[in-house]
Amino acid sequence: MNIRDEVREFLASAWTPGMDSATFLQAAVDTGWLAPTWSADWYGRGLSAEDAEIVGEEFRRVGAPGRADRDHLHARVIYELGSDQLKSTYLRDLLTHTVSGCLLYSEPGAGSDLASVRTSVVREGDQWRVNGQKVWTSGARTAAYGLLAARSNRDVPKHRGMTFFVIPMKQEGIEVRPLVQITGDAHFNEVFFTDAWVDDANRLGEVDDGWRVLMTALGYERLVMGARGVGSRASDPTYVGTGDDLLALAERHGRLEDPVIADQIADIYAERTAARLNAARYAAEGKGQDAAAMSLGKLMMSRILHGTAGLRRDIVGAEALYDERADPPSDGEVANFFTLDAYFTSIGGGTDQVQRNIISERMLGLPKDKDASKDIPFRDVRS
Ligand SMILES: Cc1cc2nc3c(=O)[nH]c(=O)nc-3n(C[C@H](O)[C@H](O)[C@H](O)COP(=O)(O)OP(=O)(O)OC[C@H]3O[C@@H](n4cnc5c(N)ncnc54)[C@H](O)[C@@H]3O)c2cc1C
């Protein structure tokens, strides 16, 4: 039996639209279909990238949640960079959505320039003592653990004195305070560490070499985020607003015959297609993990989501000012939400400007940004 038939057989037996996702995820993890490229020891099937694409297509076709090996950022970081002990502690629960994680990167003075983090870790025996503050931490209130980028050495330049950990969040020295976003949701948080602890066994990578680990993790994040702009699953709520329902929306509002609107819809489709083909081209050239390629996908996603939100506003008109929180939401409210939410895409995971810097330096060969603090010991960098 070929892969497509095998995965179809699995989906036919395990998936019913609208079913409880926990039951499906358990079955998908147990059979290895959820993370098809991973090894059989760690919930995968060891499939090639090409065969895994087929698995993804079949999952998307029926609307089942899949491809955690590519799309589940936290599981992917721990699978690719973590020790066997960390994998056995977290992977299964992450894949089945029994637990979630958060990203403890940004600080009040270190967002785009993450090499400037000041949250400190000091080794004491087999543990590290953590003090400092993070900000904009999505999901910190519910997270079981966080991926922590911290300063372990202030005597060397900033890129060489960081260490990366998986830190348990539910402990006395960690306080989480919610921040409300422009959409009215409160996914963000401030996180304060006051003599919190993390085991040395929870370290990812070498001491003081956290920058390299962080770059790998950030690359995966951009890859995951980039995929949001090109999705074509009108049935998947994650992708609503990325284009598929624009024609129906224009028709509902009597704007389909408007040549300007029709033109803009065509533009969005063209951009999405270009983004998808670009991603496929890089994957085929073996550059799926290339930092500049990931930044390009992420930047395109942000532009597409801003463009789509703007078009929704043009179609529905003044109704897009509504924020009535009705259930189900009106077209106006959906346009309003996506307009506000689009700002997340051009800031979170690295701003558009920073992605442009990466693309211009690494793809176009333009000169690197000057950074006066790059080569001096971190303790001499002004805050
Ligand atoms: C929805 C959302 C979720 C987030 N979730 C998390 C999370 O879970 N965990 C986490 O750690 N962080 C998270 N963040 C934080 C996010 O990663 C940072 O906000 C982002 O990296 C920008 O950093 P900053 O806010 O410090 O802005 P700054 O770095 O202060 O930048 C301000 C402006 O200056 C520009 N700029 C800065 N440096 C350069 C440069 N070299 N060249 C050109 N322009 C430049 C930026 O593009 C930006 O426009 C999230 C942010 C958002 C919006």
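Our subject is the structure that appears above.
Residues numbered from 1 in each chain as written. Predicted model: local features only at pLDDT ≥ 70, side-chain atom pairs only at ≥ 80, totals over all residues. Heavy atoms only, no water.

Thoughts on the pairing of strand β3 (residues 127-134)
Sheet topology places strand β2 (residues 120-124) next to β3; five bridges connect them, and they run antiparallel. Looking across to β3, one finds that arginine 123 is bridged to tryptophan 128. What sits between the antiparallel neighbours β2 and β3 is a turn of two residues, in which glycine 125 has the positive phi angle 70°. Direction of pairing for β3 relative to strand β7 (residues 188-199): antiparallel, over a ladder of seven bridges. Residue tryptophan 128 lies in a different strand from β7, and its bridge partner there is valine 198. (Pairing = 2+ DSSP bridges. Helix = DSSP H or I, 4+ residues; strand = E, 2+ residues; numbered from the N terminus.)

Details of the packing of helix α9 (residues 259-284) against helix α10 (residues 291-316)
The geometry of α9 relative to α10 is characterised by a closest axis approach of 10 Å and an angle of 165° between their N-to-C directions. Taken together, α9 and α10 sit at an angle that is classed as roughly antiparallel. Every pair of crossing elements has a handedness; the one defined by α9 and α10 is left-handed. Here Ile261, Gln264, Ile265, Ile268, Glu271, Arg272, Ala274, Ala275, Asn278 and Tyr282 of α9 come into contact with α10, specifically with Ala293, Leu296, Met300, Ile304, Gly307, Thr308, Leu311, Asp314 and Ile315. (Axes fitted to C-alpha atoms, helices over the stretch in contact; angles between N-to-C directions. Parallel < 35°, antiparallel > 145°, perpendicular 65-115°, else oblique. Left-handed = near helix turned anticlockwise from the far one by under 90°. Contact = heavy atoms within 4.5 Å.)

As for the site of the ligand
The ligand sits among 17 residues. The nearest are Leu103, Ser106, Ser112, Trp136 and Thr351. One of the backbone N or O atoms of tyrosine 105 is found 3.0 Å from an oxygen atom in the ligand. Contact distances for the ligand include 2.7 Å between an oxygen atom and a backbone N or O atom of serine 106. Protein contacts shield 68% of the accessible area of the ligand, which totals 970 Å² for the unbound molecule. Grouping the constituent residues of the shell around the ligand by class yields six nonpolar, 10 polar and one charged. (Near = heavy atom within 4 Å. Polar contact = N/O pair within 3.5 Å; in protein donor to acceptor, adjacent residues only side chain to side chain. Areas by Shrake-Rupley, 256 points an atom, 1.4 Å probe, with all protein chains shown as cover. Nonpolar A, V, L, I, M, F, W, Y, C, P; charged D, E, K, R; others polar.)

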